[in-house]
Amino acid sequence: MYAAPFSYHRAASLQEAVKLLQELGEEARVIAGGQSLIPLMKMRMARPAALIDINFISGLSDIQTSKGELRIGATVRHADLENSSAGTTIPIVHDCAAGIADVQVRNQGTIGGSLAEADPSGDWGTALLALESSVICAGPDGQRTVPLEDFIKDAYTTVLAHNEVVTAIQVKIPPKHSGGAHLAFKRSAPVYPTASASVQLTMEDHHMCKDARIVLGCVGLTAIRAKEAEKALQGKALEEKNVRAAADAARAAAEPQSDMRGSADYKRLLVGTLVKRAIGIAARRARGESVPAGHEYAGR
Amino acid sequence: MPDVKKILVRVRVNGAPREAEVEPRTLLVEFLREHLNLTGTHIGCDTSYCGACTVIVNGRTVKACTLFAPMADGAEITTVEGLAKDGQLHPVQEAFAECHGLQCGYCTPGLLLSTLQLLKKYPRPTDSQIRKGIAGNTCRCTGYQNIFKSIRMAASEMEKH
C-alpha cells in the first residue's frame, strides 16, 4: 500500500524542525517513529503534504534523571525505556514500555509520537497520567511546559499548535513508599489494548494509603482520571472493601464504546478488574516487593 | 500535488553500500525488494501486524512495511540474505531447517531475524521470553511448536560458538 505523495524534509535541529513547520504550513506533519502515522497514511486516513523527520536530531533521544525528575526525549523508543534503569526507578514506565505492541514496534515507536498522536487506546497517555508528568513543546516563541492532563484534549487532539513539536516528557519521580502498575489486556501482541489501567499508590505505612492516582485507558476519548476511585482509597486502609469500592467507582467512571475489541459492557467489567489487580500490585511494589506486571494477551 | 522530489537513500545492506533515488513514500520493504532487488524480505499483511517484513536496522528489528525508506538513510541493515556466509547457513537457519520450523516459509525471513534479535538479548531464552520475542511474527502454518524447538536449538548451537 502506498501513502499519498508527500515531500520529505529532514530536520537537523529542533530550530530547523520548527522553521520547516512554519514554512510548510498546516499540511505538514512531524514524523518520529511513524508507527501510528505510517499505517494511517497507508490507509489514506492521513494525507500530509509534507513530512518533517525529527529522527536525525541529536539529543532528542536521551533519558536523564535530575532533581527528582525523569526527562525522556521525544524520540526515545519504547524499547529504550523497556531496557532503561528509568523503568526500575518507576515500574509503571517499564510495565508500559515493555508491553506496547511487539518487539519491532517497540524498537521504532517513540514516546513523544505516542503522546502527540493521542490515540484513545495509546498506552503512554494512561500510564503517565498516573504520575506527575508534563510535555515540553518547542515552537517559534521558544519552549513551553504543559501538564499532561492539559496536553491531550480529545481523541487524536492535543494542544500542540501546528508549528510546535514535542521535545521531551518530564516525569516527577514518585516519593518513597510509592508504587505503581500499568496493566493492559489485549487480544494479541501487535494490537492496541481492549482496556488498560494505571495505578500509583503512596502508602502511609504498610496498610494506610496516603495518596492514589487511578487512570483508565481505552475506555473513553482520552485516558480518564477516575477521581472517585482515588477517593475510595485516599487516607484509607487498603482492605478489600475499599479496593472493591475503588474498582466499582472506576467502572462507573469508564465511558467505553462497543467496537471490534469488545462490547461496552465487557470493557467496563474488564477495566474494573484491571484496576483491582493494579491496586494490588502497586501496593506490593510500594512495600518494596518486586512484582512483574504489564500487558496480558492470549498466548503469553 | 505536493512537491514529490525524489530522495537519495544510501544504506549499507548486509555489509555492502547500496543506494537508490526513490519517492519519499517508498516503504523500506519496497526499497529493498523493488529497488535493491533483495526479495528475501517478504510483504505479508502490509499493515504492521504480521512481521514477515522484519529486518534489522542499526541493530534493531523493525517492520520494513512501516518505515519510509528515507527514514533509514545511513543505516546498517541486515536482511535474510545477509545471514548465510560463504555458502554456510547461519546457525539460526540451520536450526529452522533441522527442526522443521517452517511449512510454507513465508514468515520465515522475519522469524529468523526476530530470533537473532531475541538471542542477542537472551542467549538462553525461557519459553516466556521466546513467546514475547516472536509475538510480532505471525505464522499461519506451524502452530509455532517447531519454531520454539528451532529457537531453542539455535540458542544452544550459538552458545557453542
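Rules and cut-offs
Residues numbered from 1 in each chain as written. Chains lettered and ligands numbered in written order. Predicted model: local features only at pLDDT ≥ 70, side-chain atom pairs only at ≥ 80, totals over all residues. Helix = DSSP H or I, 4+ residues; strand = E, 2+ residues; numbered from the N terminus. Rg over C-alpha atoms; globule rule 2.2 N^0.38 Å. Buried ≥ 20, exposed ≤ 12 C-beta atoms within 10 Å, placed from the backbone. Contact = placed C-beta atoms within 7 Å. Pairing = 2+ DSSP bridges. Domains from an automatic or database assignment. Nonpolar A, V, L, I, M, F, W, Y, C, P; charged D, E, K, R; others polar. Axes fitted to C-alpha atoms, helices over the stretch in contact; angles between N-to-C directions. Left-handed = near helix turned anticlockwise from the far one by under 90°.

Caption draft 1: Region of the structure containing the overall build of chain A. The secondary structure content of chain A amounts to twelve helices and 16 strands. In terms of overall size, chain A behaves like a compact globule, its C-alpha atoms giving a radius of gyration of 19 Å where 300 residues would be expected to give roughly 19 Å. Along the three orthogonal principal directions, the C-alpha set of chain A runs to about 60 × 45 × 30 Å. Taken over 300 residues, chain A has a buried fraction of 57%. Sequence separation of at least 24 residues holds for 65% of the intrachain contacts in chain A that already meet a minimum separation of 6.

Caption draft 2: Here's a closer look at the pairing of strand E7 (residues 142–147) of chain A. All names here are of chain A. E7 sits mainly on the outside: zero of its six residues count as buried. In the sheet, strand E6 (residues 133–139) pairs with E7 via six bridges, with the strands oriented antiparallel. Paired with Cys137 across the bridge in E7 is Arg144. The antiparallel hairpin formed by E6 and E7 contains two residues in its connecting segment.

Caption draft 3: Spatial organisation of the interface of chain B and chain A. Taken together, the contacts link 31 residues of chain B with 26 residues of chain A. Sorting elements by how many residues they give to the side of chain B that touches chain A places strand E4 (residues 60–63) of chain B first, with four residues.

Caption draft 4: Looking closely at the domain arrangement of chain B. All names here are of chain B. We note that the domain assignment places domain 1 (7–82) and domain 2 (91–160) within chain B. Taking the mean C-alpha position of each, domain 1 and domain 2 sit 21 Å from one another. Every contact between the two is made by 15 residues of domain 1 and, on the other side, twelve residues of domain 2. In terms of residue count, strand E3 (residues 54–57) provides more of the side of domain 1 that touches domain 2 than any other element does, three residues in total. Tallied by class, the residues present in the side of domain 1 that touches domain 2 amount to seven nonpolar, eight polar and no charged.

Caption draft 5: Layout of the packing of helix H11 (residues 240–253) of chain A against helix H12 (residues 264–286) of chain A. Residue and element names in this part refer to chain A. Their axes nearest at 8 Å, the elements H11 and H12 cross at an angle of 145°. Of the two elements, H11 crosses H12, and the hand of that crossing is right-handed. Seen from H11, the contacting residues are Val243, Ala246, Ala247, Asp248, Ala250 and Arg251; seen from H12, they are Arg268, Val271, Gly272, Val275, Lys276 and Ile279. Considered class by class, the residues forming the contact of H11 with H12 number seven nonpolar, one polar and four charged.

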